[in-house]
Amino acid sequence: MKLKLIALAVSAAAAGAVSAQTANVTLYGLVDTYVANVRTSAGRTAAGAATASASVSVVDPGGLSGSRWGLRGSESLGGGLNAVFTLEGGINSDAGSAAQSGLLFGRQAFVGVSGGFGAVTLGRQYSPSFYVFCAATVESCSTFSVEANHYVLPLTGASRVNNSVNFKSASMGGLTVAAMYGFGEIAGGASRGRLVGFNGEFSNGPIYLGAALVDVKNATGGLAGRHMVVGGRYNAGVATVAGAYVENKNPAPTPKFKGWHLGVNVPMGNVGLVAQYGQGKVGAAKQNLFDVGADYNLSKRSNLYVRYANADNNAASNINAAGFGGVAQSFGADKRIIAAGIRHRF
C-alpha cells in the first residue's frame, strides 16, 4: 500500500512538472495617477440661458494609461496550438475602487486558442477599431488625447465589447486582419444589440498603417452607430508622427460625426516631447482640441509626465471632452486641463 501511495505521489509530481513546463501565467499591471486642475468656461444652454464657468482641482487615475492589474497565460496543447486567456481589471488608483462601473475584470476577460493561423478568443474584448485608434497616434489614447475624447469615449462600439467572438490572423509579412461579432443577447432577433467589426493593420519597422469598420445595432435592431477609421504612424528616429481620419454615422436625425488628428513625439534622451491637434464635427457643431506635454523616464518601468490640453467649442457645439473630467461643456464653452502625474508598470 505504501509503495502504491509513493508511486501516486511521484506520478502527481511528474505531471505537475510537465504542466509547469507547458503552461505559464503572468501577473502584470500598472498604476497611473495624476493631479490636475480642470476649468470649463462660461457658455449657454440650448435654450440660450447662460452657464457659469467652473474650476475644480482633482487627483485622478489613468492619465497616460488606465490603472490596472491582470493575469494572462497560455498552455501548450501540442501541434502548435495554445490555450490562452487574459483577465484584466481596472483600478481607480485615486480611491482604491474598481473601475469600469465596479466590474472585477472590466478591461478584458477572454479565453481562446492560438496557433499558426492566428487566434480565436471569446469574452469581453477590445473592439477592432480601438486598436487602430490607439496605434495611429503619439498619445496612445491618453486621457488628454484627441482620440480618447473624440473617438473612443463617445463613439458606440469603439472601446470594449461584451459577449464577443474575435478572430485575429497571424502576421503575414507585417499584415494582420481581424473580425469580431458581439452578441446582443436580446430575444426577438439576432441583430438586436449586436456588433460586427473588422480591421486590417500593417506594422513593419518604423511604419504602422491601420483601418477599421464597426457597425452596432440598438436594442430594437436599428442603427446605434457605424464608424470607420484610417490612420498611420511613422517613426523617423528623431521624431514620430501620427494621424487618423474618422467618420461615424449616427442614428437619424443626428448628423454624421467627422474627425481627424495629427501629432508628433520628439525623444531627447530620457525626455519625450509630445504635441497633438485635432478636430471633431457634428453638422455645424465643431470642437478643436490640442494637447502638449512632456514625459520623463525615471526607469524602464516608471515615468513622470505633464500635460496641458484645451478643447474649444464653437457657438453651435456642446461637444464635451469627457476624458478631462470637470464640468461638462455647454454650447460655446471651452475646457482646459493642466496635469502632472506618475506611471509605474509592474
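Rules of the game
Residues numbered from 1 in each chain as written. Predicted model: local features only at pLDDT ≥ 70, side-chain atom pairs only at ≥ 80, totals over all residues. Heavy atoms only, no water. Helix = DSSP H or I, 4+ residues; strand = E, 2+ residues; numbered from the N terminus. Buried < 20%, exposed > 50% of the residue type's maximum accessible area, 1.4 Å probe, protein only. Contact = heavy atoms within 4.5 Å. Salt bridge = Lys/Arg side-chain N within 4 Å of Asp/Glu carboxyl O. Phe/Tyr/Trp six-rings, centres within 6.5 Å; stacked < 30°, edge-to-face > 60°. Pairing = 2+ DSSP bridges. pLDDT = per-residue confidence, 0-100. Disulfide = S-S within 2.5 Å.

### What about the overall build of the protein chain?
No. 1: Summing up its helical and strand segments, the protein chain has three helices and 20 strands in all.
No. 2: In terms of its C-alpha atoms, the protein chain occupies a principal-axis envelope of roughly 90 × 55 × 40 Å.
No. 3: Split into buried and exposed, the 346 residues of the protein chain put 43% on the buried side.
No. 4: Restricting to contacts in the protein chain with at least 6 residues of sequence separation, those with at least 24 account for 52%.

### Some points on the pattern of salt bridges
No. 1: Summed over all chains, the structure comprises eight salt bridges.
No. 2: The closest approach of N and O atoms between Asp-215 and Arg-226, which form a salt bridge, is 2.6 Å. Separated by eleven residues along the polypeptide, Asp-215 in strand 13 (residues 207-217) and Arg-226 in strand 14 (residues 223-235) bring together distant segments of the chain.
No. 3: You can call Asp-215 buried: its relative accessible area is 11%.

### Re helix 2 (residues 128-135)
Since one α-helical turn is 3.6 residues long, residues separated by three or four positions face the same way.
No. 1: The element helix 2 is largely enclosed, with a buried count of seven among its eight residues.
No. 2: Among the residues of helix 2, Pro-128, Ser-129, Phe-130, Val-132, Phe-133, Cys-134 and Ala-135 are the ones counted as buried.

### A look at the packing of aromatic side chains
For any pair of aromatic rings, the description consists of the separation of the ring centres together with the inter-plane angle of the planes.
No. 1: Enumeration according to the criterion identifies eleven aromatic pairs in this entry.
No. 2: Ring centres of Phe-144 and Tyr-305 lie 6.4 Å apart, and the angle between their planes is 55°; on these two criteria the pair is classed as tilted. Residue Phe-144 is found in the loop between helix 2 and helix 3 (146-152), and its partner Tyr-305 is found in strand 19 (residues 302-313); the two are separated by 161 residues along the sequence.
No. 3: Under the relative-accessibility criterion, Phe-144 is labelled buried at 0%.

### Observations regarding the pairing of strand 8 (residues 108-115)
No. 1: What you see with strand 8 is a clean split: Gln-108, Phe-110, Gly-112 and Ser-114 sit on the buried side and Ala-109, Val-111, Val-113 and Gly-115 on the side with no burial.
No. 2: Where strand 6 (residues 81-92) meets strand 8, seven bridges bridge the pair, whose relative direction is antiparallel. Residue Phe-85 lies in a different strand from strand 8, and its bridge partner there is Val-111.
No. 3: Pairing of strand 8 with strand 9 (residues 118-126), which is carried by seven bridges, proceeds in the antiparallel orientation. Of the residues in strand 9, the one forming a bridge with Ser-114 is Ala-119.
No. 4: Taken together, strand 8 and the strand that follows it, strand 9, pair antiparallel across an intervening segment of two residues.

### A word on the side chain of Arg-194
No. 1: If you trace the backbone, Arg-194 turns up in the loop between strand 11 (175-182) and strand 12 (195-204).
No. 2: Every residue in contact with Arg-194, bar those within four places of it in the chain, is listed here: Tyr-181, Gly-182, Gly-184, Asp-215, Val-216 and Lys-217.

### Looking at the confidence of the model for the protein chain
No. 1: Summary statistics for the protein chain give a mean pLDDT of 94 and a share of 94% for residues scoring 70 or more.
No. 2: Note on residues 1-21: pLDDT under 50 across the span, and zero contacts to partners over four residues away in sequence or across chains.

### Remarks on the pairing of strand 6
Working note: regular strand, side chains alternate between the two faces of the sheet.
No. 1: Of the strand pairs in this sheet, strand 5 (residues 68-78) and strand 6 are connected by ten bridges, and their pairing is antiparallel. For Gly-78, the partnering residue across the bridge sits in strand 6 and is Leu-81.
No. 2: Once strand 5 ends, the chain turns through two residues before running back antiparallel as strand 6, passing Gly-79 with a positive phi of about 65°.
No. 3: With two bridges connecting them, strand 6 and strand 7 (residues 97-98) associate as antiparallel partners. Along strand 7, the bridge assignment pairs Asn-92 with Ser-97.
No. 4: Between strand 6 and strand 7, which pair antiparallel and follow one another directly, the connecting turn spans four residues, one of which, Gly-96, has a positive phi of 85°.

### Quick notes on the state of the cysteines
No. 1: Summed over all chains, the structure comprises one disulfide.
No. 2: One disulfide in the model links Cys-134 with Cys-141; its S-S distance is 1.9 Å. Judged by the sign of its S-S torsion, about -100°, the cystine formed by Cys-134 and Cys-141 is left-handed. By the burial criterion, Cys-134 is buried, and Cys-141 matches it.

### Describing the environment of Ala-47
No. 1: Inspection of the secondary structure puts Ala-47 in the loop between strand 2 (43-44) and strand 3 (50-51).
No. 2: Judged by relative accessible area, which is 78%, Ala-47 ranks as exposed.
No. 3: Note: C-alpha distance between Ala-47 and Gly-29 (18 residues apart in sequence) is 46 Å.

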